[in-house]
Amino acid sequence: MSFLSFFKGYKNFGIFFSLLCIIIIAIIYNILNVKKPLPIYQPAMVSEELVDSTIQHQQKYHKIADFNLTNQNGETITQNTYKDKIYVADFFFTTCQTICPIMTDHMYQIQKEIISDDDVMLLSHSVTPKIDSVAQLKKYAKEKGVIDRKWNLVTGDKKQIYALARKSYLAVKTDGNGDEYDMIHTENFMLIDKKRQIRGFYDGTKSEDIKKLLEDIEILKAES
């Protein structure tokens, strides 16, 4: 039998083996590219400087606390407003001239991406609620292109807002009790799932983090 005849005899086997290899490679590729579920952040998983000392060692069951705040239209906003919603939260103030304009622009970009998605909303908390009255928030909302059904800018009791930042969203590096002299200034965006759990932290001043946040929203949607 010639060398050529030998290989002709194994032609069908070669085709079968080649197809099998392609299928196996495709399966491995798909397995490796399956997006991992997002972590569910607990206080014990986050840097201690971002977590109130009273909850630093909590390892499970952490959720965003109930809240009662007022938006740019004078409407009461509670946890029920965000029931069964994925949302992005941040903390800002309308007179800020440093990081807040960048953060608000990035929130606006997110709003554009989720405009037709009924599962996703935005929530921005004022850290200077005395200055950021309903009228001030409404003026700011108009200037920044806020769409009311997608994005609430909220004001209210300062102690409540600061407790949310420190004990619920784990967003702030400073200690305080929300009194007259307390001031929060954070660039963090937090991704919250439909169960009121934190699923991601992002630097709201960085474009690459906003891209990652939008990708993570899609992962979260596939999970829920």
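Check the entry above for the structure.
From a predicted model like this one, the values you see are computed outputs, not experimental measurements. (Residues numbered from 1 in each chain as written. Predicted model: local features only at pLDDT ≥ 70, side-chain atom pairs only at ≥ 80, totals over all residues. Heavy atoms only, no water.)

S.K.: Honestly, the overall build of the protein chain in this entry has me stumped. Any pointers?
M.R.: Helix and strand counts for the protein chain stand at six helices and seven strands. Each helix and strand of the protein chain, ordered N terminal to C terminal, gives the series α-α-β-β-β-α-β-α-β-α-β-β-α. Every one of the 224 residues in the protein chain was classed for burial, and the buried ones make up 41%. Here the contacts in the protein chain between residues at least 6 apart in sequence split such that 69% fall between residues at least 24 apart. Roughly 12800 Å² of accessible area belongs to the protein chain as shown, and the carbon and sulfur atoms make up 56% of that amount. (Helix = DSSP H or I, 4+ residues; strand = E, 2+ residues; numbered from the N terminus. Buried < 20%, exposed > 50% of the residue type's maximum accessible area, 1.4 Å probe, protein only. Contact = heavy atoms within 4.5 Å. Areas by Shrake-Rupley, 256 points an atom, 1.4 Å probe, with all protein chains shown as cover.)

S.K.: What exactly am I supposed to notice about the packing of aromatic side chains here?
M.R.: Geometrically, a pair of aromatic rings is defined through the distance of the ring centres and the angle of the planes. Under the definition given, this model contains four aromatic pairs. Ring centres of Phe 91 and Tyr 169 lie 5.6 Å apart, and the angle between their planes is 70°; on these two criteria the pair is classed as edge-to-face. Of this pair, Phe 91 sits in strand β3 (residues 86-92) while Tyr 169 sits in the loop between α5 (158-168) and β6 (188-192), and the two are 78 residues apart along the sequence. The exposure class of Phe 91 is buried, given its relative accessible area of 2%. Assessed through its relative accessible area of 0%, Tyr 169 is described here as buried. (Phe/Tyr/Trp six-rings, centres within 6.5 Å; stacked < 30°, edge-to-face > 60°.)

S.K.: What should I look at first to understand the nonpolar core in this one?
M.R.: The nonpolar side chains of soluble globular proteins are, as a tendency, buried together. Ranked by internal contacts, the top residues of the largest apolar core, which has 55 residues, are Phe 67, Tyr 87, Tyr 169 and Phe 189. The element contributing the most residues to this core is β3, with six residues. Apart from residues lying up to four places away in sequence, Tyr 169 is in contact with Ile 64, Phe 67, Tyr 87, Ala 89, Phe 91, Leu 123, His 125, Leu 164, Met 190, Ile 192, Ile 198 and Phe 201. (Core = buried A, V, L, I, M, F, W, Y, C linked by side-chain atoms within 4.5 Å.)

S.K.: Is there a simple way to think about the side chain of His 125 in this case?
M.R.: Mapped onto the secondary structure, His 125 falls in strand β4 (residues 120-126). Assessed through its relative accessible area of 0%, His 125 is described here as buried. Not counting chain neighbours up to four residues away, the residues in contact with His 125 comprise Leu 69, Ala 89, Asp 90, Phe 91, Phe 92, Val 154, Ile 161, Leu 164 and Tyr 169.

S.K.: Got a minute to help me understand unusual backbone geometry in this structure?
M.R.: Apart from glycine, the bulk of residues carry a negative phi angle, and the bulk of peptide bonds sit in the trans form. You will see that Tyr 61, though not glycine, has its phi angle at about 70°, which is positive. Assignment of secondary structure puts Tyr 61 in the loop between α2 (11-32) and β1 (68-70). Positioned with a positive phi, Arg 196 is a non-glycine residue whose angle comes to about 65°. Within the secondary structure, Arg 196 sits in the loop between β6 and β7 (198-203).

S.K.: Could you clarify how one ought to interpret the pairing of β6 in this entry?
M.R.: Looking along a regular strand, one sees the side chains alternate between the two faces of the sheet. Within β6, five of the five residues are buried, which leaves it mostly tucked inside the rest of the structure. By the alternation rule, side chains of β6 split into Asn 188, Met 190 and Ile 192 and Phe 189 and Leu 191, which are all buried. As paired elements, β6 and β7 share five bridges and run antiparallel to each other. Counterpart to Leu 191 in the pairing with β7 is Gly 200. Between β6 and β7, which pair antiparallel one after the other, the connecting turn spans five residues, and Arg 196 there sits at a positive phi close to 65°. (Pairing = 2+ DSSP bridges.)

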